[in-house]
Amino acid sequence: MTMQPLAISRYSIVNCLGKDPSAVASALGARRSGLAPCDFETVTLDTWIGEVAGVDDVRVRPDLAAYDCRNNRLAQMGLEADGYAAAVTAAREKYGAARIGVFMGTSTSGMLQTELAYRRRDPVTGALPPDFRYAETQNSFSLADFVQSYLGLTGPAFVVSSACSSSAKVFGHAARLMAAGVCDAAVVGGVDSLCLTTLYGFQSLGLTSRAPCRPYAIDRDGISVGEGAGFALLERPDDASAPGAMLLLGVGESCDAYHMSSPHPEGAGAKLAMRQALASAGLTPAGIDYINLHGTATKANDASEDQAVFDLFGGATPVSSTKGSTGHLLGAAGITEAIISLLAIEQGMLPGGMHTLALDPALRCHYLTDNREGRVARVLTNSFGFGGSNCSLVLGGAG
Amino acid sequence: MRVFVEGIGLVGPGLDGWQASRALLAGTAAYVQRPTVVVASDLLPAAERRRTGLPVKLALAAGREAFVNAQRDAATTATVFTSSSGDGENLHYICSTLASTEREISPTRFHNSVHNAPAGYWSIATRSQAPSTSLCCRDASFAAGLLDAAAQIAVDGEPVAVITYDQAYPQPLHAVRPLSASFGTAIVLTAQPTAQVFAALDVSYAPGANATPMTDSELDHLRATVPAARCLPLLAALAGGTPTVVDLAYGEHHHLHIEVTPWQ
């Protein structure tokens, strides 16, 4: 079934490449990676990460001090970047606070706060320290609650937490709730922040690379964990005030029904999600100019995704993964790569993947290892997560 | 938004399945609180079953019962999973390990730590590739799931199952987030009446933090102290079989207004 396109009238992004969309676009244009050897907190792992500088110096708005944690600091950085919060304020004036939904993706929310609190348990009783705020930091909803409070909105809000597809799926939720008339506009996005659980967890699965991650490379050996925030404001195209707004054209979702932490070897679920995204956009594969892959740089993901993309699109459509630049933002990967896709459309520049010196000859898609200029009208972007949760988005320019 | 109720599954303290619980939810039999008994689902192979925590067992048990009652094929039905707590035992294990000098965490524990672990195991167990999401809205997690499912049905016209569950936390997390019991419910909803449909729900997002209580004080305590159990007034209305209005709080300023109409 085709969906009514939605206008993406404003967006914001913060990650290791930069603190607003133009900084991120510049880094991609200059082929500057944000990855660095891991020196996060007390972590002693031989891996690279995409850490955002200056998060520790951020002060959460005083009235929301109870929400203070790394994840919500990153959220605030994203909300304050590039006039995003001001655009939402204007939308609030226009539609009313209760008519704007807030749908946020995160995988670990304020997990780091809980990890740190566990180090400060009372030696006698085992109790967590009195300053630990469960609802405002640990609970997954913390992020949507913080964002909704920060923006003064009162429409329906929730967090989607489906691992690494979370902040792609929020677009689908917003589209449905808007189509059903529950809200007139939506703040969608995602935030994930570095924590020990994901760093040690991916290490335990043998999925972290000891060098910067190298999607599609013959020697790829795992991910680089990153962090960041991204937000978009969705409106119906007729209502959108910003001329030249970008469009959400299609959303496709599926499950692998195969394994908790390995993708289906032939990418069956991924293919289903991409097919549905194209169908909901009313497009054939030929209508897509560039594919921003999930491209985590694990052996299994890239092989499975390549097979799925090749089966649907053949070997001519240019594809790349930007995780060599940003790292894998997990629950924030979907929104981050959706916005990178919008930047590709806006700038007429396909971002080539970084760190990949020798392509894996077993992979058949047309993988870009260098930036390429050219008109980009429509992009498909993939996000796949643990539990076999798949989501593909189709984004386009309004023109 | 109008949706139709086709089947329900329920597992909670003293609530051993929908059929067995109908009379006490409707107030025609006395509720006696007992610890939640979850029968491990045979939907998963034994090897997989051993790896799963209580939230997966709650979701699978409630989900399976709802689909049996609905006489619907789970393999082709979209799902909305929703939980406030996620897997608290697993969270406690991971945080304790990371606070120790030996930080190696078990890979199975790690992949089970994702909020969508029950959704992942459900899709494997039922071989369902249909769209599935996993939500959290703290105390309003069930309300959020129902609202999302109703919108999905209104737009796509396809059936959706809402599966909600919460597990009581172990200490020290219990002290900061006391949930009184472990609880799971599943509701299979459709766009059109079918032979199994027994009620219609008209769902809207409305101002005011209204919340319909349970008549029985113990059931109301359960409702108030387990986010997934916030659905109990809706289940009571469905068990009662008379037209009823149910309000479920959604955040501090809004609620879901649900008009329940028996259907036959």
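Computed from a predicted structure; not experimentally measured. (Residues numbered from 1 in each chain as written. Chains lettered and ligands numbered in written order. Predicted model: local features only at pLDDT ≥ 70, side-chain atom pairs only at ≥ 80, totals over all residues. Heavy atoms only, no water.)

This paragraph deals with the overall build of chain A. Scanning chain A from N- to C-terminus turns up 12 helices and 16 strands. Here chain A has a C-alpha radius of gyration of 20 Å; the compact-globule value for 399 residues is 21 Å, and the two agree. Its C-alpha atoms give chain A principal-axis dimensions of roughly 60 × 50 × 40 Å. Across chain A, every contact between residues at least 6 apart in sequence was considered, and the portion connecting residues at least 24 apart equals 79%. Within the structure as shown, chain A displays about 12,200 Å² of accessible surface, and the carbon and sulfur contribution to it stands at 51%. (Helix = DSSP H or I, 4+ residues; strand = E, 2+ residues; numbered from the N terminus. Rg over C-alpha atoms; globule rule 2.2 N^0.38 Å. Contact = heavy atoms within 4.5 Å. Areas by Shrake-Rupley, 256 points an atom, 1.4 Å probe, with all protein chains shown as cover.)

Attention now goes to the sheet that holds strand β2 (residues 36-37) of chain A. On the basis of which strands lie adjacent, the open sheet formed by three strands has the order β2-β3-β7 (chain A) and mixed pairing. This sheet does not close on itself; its edge strands, each paired only once, are β2 and β7 (225-226) of chain A. (Pairing = 2+ DSSP bridges.)

This part is about the pairing of strand β8 (residues 244-250) of chain B. All names here are of chain B. When β8 meets strand β9 (residues 254-262), the two strands line up antiparallel, connected through seven bridges. Counted as the bridge partner of Leu248 is Leu256 from β9. Here β8 folds back onto β9 in antiparallel fashion, the turn holding three residues, of which Gly251 has a positive phi close to 75 degrees.

Before going further, it helps to examine the side chain of A:Ser167. Within the secondary structure layout, A:Ser167 lies in helix α7 (residues 166-179). Those residues within four positions of A:Ser167 in sequence are excluded, and the remaining contacts are A:Gly105, A:Gly189, A:Gly190, A:Gly331, A:Ala332, A:Ala333, A:Gly334 and A:Ile335.

A few words on the side chain of A:Ser280. Residue and element names in this part refer to chain A. When you line up the elements, Ser280 lands in helix α9 (residues 268-281). Here Ala277 takes part through its backbone oxygen, which lies 3.2 Å from a polar atom of the side chain of Ser280. Residues within four places of Ser280 in sequence aside, it is in contact with Met1, Thr2, Met3, Leu249, Gly250 and Val251. (Polar contact = N/O pair within 3.5 Å; in protein donor to acceptor, adjacent residues only side chain to side chain.)

In this section: unusual backbone geometry. A cis amide bond links B:Gln171 with the next residue in sequence, B:Pro172, at an omega value of 5 degrees. Mapped onto the fold, B:Pro172 is located in the loop between β5 (160-166) and α8 (173-176). Of note in this structure, A:Ser109 is not a glycine but carries a positive phi near 45 degrees. Looking at where A:Ser109 falls in the secondary structure, it is placed in the loop between β4 (100-105) and α4 (111-119). Given the relative accessible area of 2%, A:Ser109 is considered buried. A positive phi angle is found at A:Ala257, which is not glycine, with a value near 55 degrees. By the element assignment, A:Ala257 lies in the loop between β9 (246-255) and α9. (Buried < 20%, exposed > 50% of the residue type's maximum accessible area, 1.4 Å probe, protein only.)

Bringing the nonpolar core into the picture now. With 136 residues, the main nonpolar core has A:Val147, A:Phe171, A:Val187 and B:Leu238 as its most contacted residues. For this core, the element with the most residues is helix α7 (residues 141-156) of chain B, which contributes nine residues. With sequence-adjacent residues up to four places away left out, A:Val147 is seen in contact with A:Ala75, A:Leu79, A:Val102, A:Met104, A:Val187 and A:Phe231. (Core = buried A, V, L, I, M, F, W, Y, C linked by side-chain atoms within 4.5 Å.)

Packed helices, taken two at a time, are described by their axes: the angle between them and the distance between them. All names here are of chain A. Between helix α2 (residues 70-80) and helix α6 (residues 142-151), whose axes approach to 10 Å, the crossing angle comes to 40 degrees. Viewed along their axes, α2 and α6 adopt a mutual orientation that is oblique. Helix-helix and strand crossings are classified by hand; for α2 and α6 the assignment is right-handed. Contact residues: Asn71, Asn72, Ala75, Gln76, Leu79 and Glu80 in α2; Ser142, Leu143, Phe146, Val147, Tyr150 and Leu151 in α6. (Axes fitted to C-alpha atoms, helices over the stretch in contact; angles between N-to-C directions. Parallel < 35°, antiparallel > 145°, perpendicular 65-115°, else oblique. Left-handed = near helix turned anticlockwise from the far one by under 90°.)

The subject of this paragraph is the interface of chain B and chain A. Contact with chain B, which involves 53 residues of that partner, is made by 62 residues of chain A. A buried area of about 4,700 Å², summed over both sides, lies between chain B and chain A, and 67% of it is on carbon and sulfur atoms. For chain B, the biggest contributors to the area lost against chain A are B:Arg103, B:Phe110 and B:Gln129; these three give 15% of the whole. Counting every contact that joins chain B to chain A gives one salt bridge. With a closest N to O distance of 3.1 Å, A:Asp145 and B:Arg138 form a salt bridge. Between the two partners, chain B and chain A, sit 19 residue pairs in polar contact (both at pLDDT 80 or more). Taken together, the elements giving at least two residues each to the side of chain B that touches chain A come down to α4 (88-99), α5 (107-112), α6 (117-126), β4 (132-136), α7 and α8 of chain B. The element best represented in the side of chain B that touches chain A is α7(B), accounting for eight residues. Class assignment of the residues belonging to the side of chain B that touches chain A gives a composition of 29 nonpolar, 18 polar and six charged. (Buried area = accessible area lost by both parts, 1.4 Å probe. Salt bridge = Lys/Arg side-chain N within 4 Å of Asp/Glu carboxyl O. Nonpolar A, V, L, I, M, F, W, Y, C, P; charged D, E, K, R; others polar.)

Let's shift gears to the environment of A:Gly353. Residue and element names in this part refer to chain A. Secondary-structure assignment places Gly353 in the loop between β12 (349-350) and β13 (366-367). Sequence spacing of Gly353 and Ser321 is 32 residues, and the spatial spacing of their C-alpha atoms is 5.4 Å. When neighbours within four sequence positions are excluded, Gly353 is seen to be in contact with Arg31, Ser320, Ser321, Tyr367, Leu368 and Thr369.

Okay, the packing of aromatic side chains next. Using the criterion set out here, one finds 14 aromatic pairs over all chains in the structure. Residues A:Tyr67 and A:Phe146 carry aromatic rings whose centres are separated by 5.8 Å and whose planes lie at 50 degrees to one another, so their mutual orientation is tilted. Residue A:Tyr67 is found in the loop between β3 (48-50) and α2, and its partner A:Phe146 is found in helix α6; the two are separated by 79 residues along the sequence. When sorted by exposure, A:Tyr67 lands in the same class as A:Phe146, which is buried. Here a set of aromatic residues connected by ring pairs shows up, and it is made of A:Tyr67, A:Phe146 and A:Tyr150. When the ring centre of A:Tyr150 is taken as origin, the NZ or CZ atom of A:Arg61, which lies over that ring, is 4.4 Å away. Stacked on the ring of B:Phe198, the Lys or Arg B:Arg22 has its end atom at 5.7 Å from the ring centre. (Phe/Tyr/Trp six-rings, centres within 6.5 Å; stacked < 30°, edge-to-face > 60°. Lys NZ or Arg CZ within 6 Å of the ring centre and 35° of its normal.)

All names here are of chain A. Counting buried positions along β9 gives 10 out of 10 residues, so the element sits mostly inside the fold. Direction of pairing for strand β1 (residues 6-15) relative to β9: antiparallel, over a ladder of three bridges. By the bridge assignment, Ala7 is partnered in β9 with Leu247. Here eight bridges tie β9 to strand β16 (residues 389-396), and the two strands are oriented antiparallel to one another.

All names here are of chain A. Where α9 meets helix α10 (residues 299-313), the axes come as close as 9 Å, and the angle between the chain directions of the two elements is 40 degrees. Compared by their axis directions, α9 and α10 come out oblique. α10 is crossed by α9, and the crossing has right-handed handedness. Here Ala270, Lys271, Met274, Arg275 and Leu278 of α9 lie close against α10, whose contacting residues are Ala308, Val309, Asp311, Leu312 and Phe313. Looking at the contact of α9 with α10 residue by residue, the class counts come to seven nonpolar, no polar and three charged.

A few words now on the environment of A:Leu330. Residue and element names in this part refer to chain A. The residue Leu330 is located in the loop between α11 (323-326) and α12 (333-347) in this model. Given a relative accessible area of 3%, Leu330 falls into the buried group. With 103 residues separating them along the chain, Leu330 and Glu227 place their C-alpha atoms 7.8 Å apart. Ignoring any residue separated from it by four or fewer positions in sequence, one finds Leu330 in contact with Ser107, Ala163, Cys164, Asp192, Thr198, Phe202 and Val225.

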